[in-house]
Amino acid sequence: MRLATAPTAEAADIVLDLDAGHWARQGRVAFDIELTDDVITSADLIAGFMHRGAEKLFEVRDYRQGMALANRHDWLAPVGGEILLARAAEELLGMPVPRQGRLLRLLLLELSRAAAMLALLGPAAAPCQMPAANLVRPQTAAAREEILELLEQLTGARMHVTFTVVGGVRDDASVEWLTSVIETCERLQSDVASTLAEAVTSDAVAAVCAGLGVVPQATAMGHGASGVVGRASGIAVDLRHDDPDYAELQHLLPTGVASSGDTQSRLEWMAAELRSALALSVELAQWVSHATDRAVNQTLPKVLRVPVGSTLQWLETPLGAAGVLLESRGDRVPYRYALRTPSFAHAPLLAGALVGHRVSDAPAIVSSFPIVVGDLDK
């Protein structure tokens, strides 16, 4: 990540040494900062280097083609974008989704949530001085690889799975695959997730991260913070509590984690989300494997036209609350498809969290913010 100091006679670029797997390496992220000695006195995040006009592209793609576009801004959990598009179209169509299809969507989303938290916690190990950071990072990388392999076995892709369809999902899951999900997630719960939970609450991490990069509750709320960033600042909002598909899973959602708004709180919430996602994946896989009705989708016409109307849909993705506004004029393509991405809301908070800290503290603060560049520059 490159931090460009304000244009003065001594202006220069400062290169932060972040982990090779950090989200900032997925695309261009830059900050304009001002320094007094080595203390950051002001910071602005510069976005837009990867802007691809996704919202306009949806207007020239039909609802099947749109799935391949909907999963291309949040690279850590692409299935969330697919689910949002499908739910929006289904709402206007008045189309019910078979229970098995809804459960498989949630299972893929929670597996993706676990993989996302592993991707975020691994690069955070070194700058936050997690105990045995040289062991934490390989552990998280290996665990994430296992989850990505499970996704590939079911969908044929590791990231942009394009498994959701309007009316459900593409295929049912085999008993063998579901058994692998259960065994893998239970094992990761007992070793990697437990290790990370202990690490982020250790004295070593607290010595570095406690009180670092604080985002006050009022500030977080004013920017629409959600997910890890919002809950770490005391905003007790998790859209899964109001999602009917999660009605019987409330006991597995994370609660009671730190809310002081600092770097350590965000790391603790990441670890809590990891443990919760693995537990949810086990429960969902068991439900799917024991289902008697194996229908996973609805039969669609050759040309799918969504009735005239508009709908707003929300989903708790790993990055936070994601929303879409779909407006249809009865055509095979959306008239308008607007995205509310959590990374865009959190980016200004990250810049503000840097102010008042030394440049050497920046990697730890940056590593505690779950932001994906494509989700920021949609």
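The numbers attached to residues start from 1 for each chain and follow its sequence in the written order. In keeping with the predicted nature of the model, local features appear solely for residues at pLDDT of at least 70, side-chain atom pairs appear and are counted solely at 80 or more, and the whole-chain, interface and lining totals rest on all residues. The side-chain values count all of the structure's non-hydrogen atoms but skip hydrogen atoms and water molecules.

Draft legend 1. Looking closely at the pairing of strand S4 (residues 39-46). Each pair of strands is called paired provided DSSP finds at least two bridges between the two strands. Secondary structure elements are taken from DSSP: a helix is a run of H or I of four residues or more, a strand is a run of E of two residues or more, and numbering for both begins at the N terminus. Note that strand S3 (residues 30-36) and S4 share 7 bridges and pair antiparallel. Bridged to Glu34 within S4 is Ser42. Counted between consecutive antiparallel strands, the loop separating S3 from S4 contains 2 residues, among which Asp37 sits at a positive phi close to 60°.

Draft legend 2. Geometry of the pattern of salt bridges. Counted as salt bridges are all cases of a side-chain nitrogen of Lys or Arg within 4 Å of a carboxyl oxygen of Asp or Glu. Enumeration over the complete set of coordinates arrives at 20 salt bridges. Residue Lys378 is joined to Glu55 by a salt bridge in which the shortest nitrogen-to-oxygen separation is 3.7 Å. Linking Lys378 in the segment after helix H13 (373-376) with Glu55 in helix H1 (residues 54-58), this pair joins segments that are 323 residues apart in sequence. Partly exposed describes any residue whose relative accessible area lies between the buried limit of under 20% and the exposed limit of over 50%, with all areas from a 1.4 Å probe on protein chains only and scaled to the type maximum. Of the residues examined, Lys378 reaches a relative accessible area of 17% and is grouped as buried.

Draft legend 3. Just the environment of Val205, in detail. For Val205, the location among the structural elements is in helix H7 (residues 203-209). Sequence separation between Val205 and Pro138 is 67 residues, and the spatial gap between their C-alpha atoms is 18 Å. Ignoring anything within four residues of it in the chain, the contact list for Val205 reads Cys128, Gln129, Met130, Pro131, Ala199, Val200, Ala210, Gln264 and Leu267. In what follows, a contact means two residues having at least one pair of non-hydrogen atoms within 4.5 Å.

Draft legend 4. Summary view of the sheet that holds strand S7 (residues 309-317). If you walk across this open sheet you meet the 3 strands as S7-S8-S9, and the pairing is antiparallel. The open sheet has two edge strands with one neighbour each: S7 and strand S9 (336-340). Between one strand and the next, the sheet's axes are offset by a mean angle of 15°, whatever the strand orientation. Note: strand S8 (residues 320-328) against S9, 5 bridges, orientation antiparallel. When the sheet's bridge partners are listed, Leu325 is paired in S9 with Ala338. Here an angle of 0 to 180 degrees is reported between the N-to-C directions of two axes, which are lines fitted to C-alpha atoms, with helices fitted over the stretch in contact. The strands touched by helix H3 (residues 79-93) are S7, S8 and S9; relative to S7, the strand with the most contacts, the crossing angle is about 150°.

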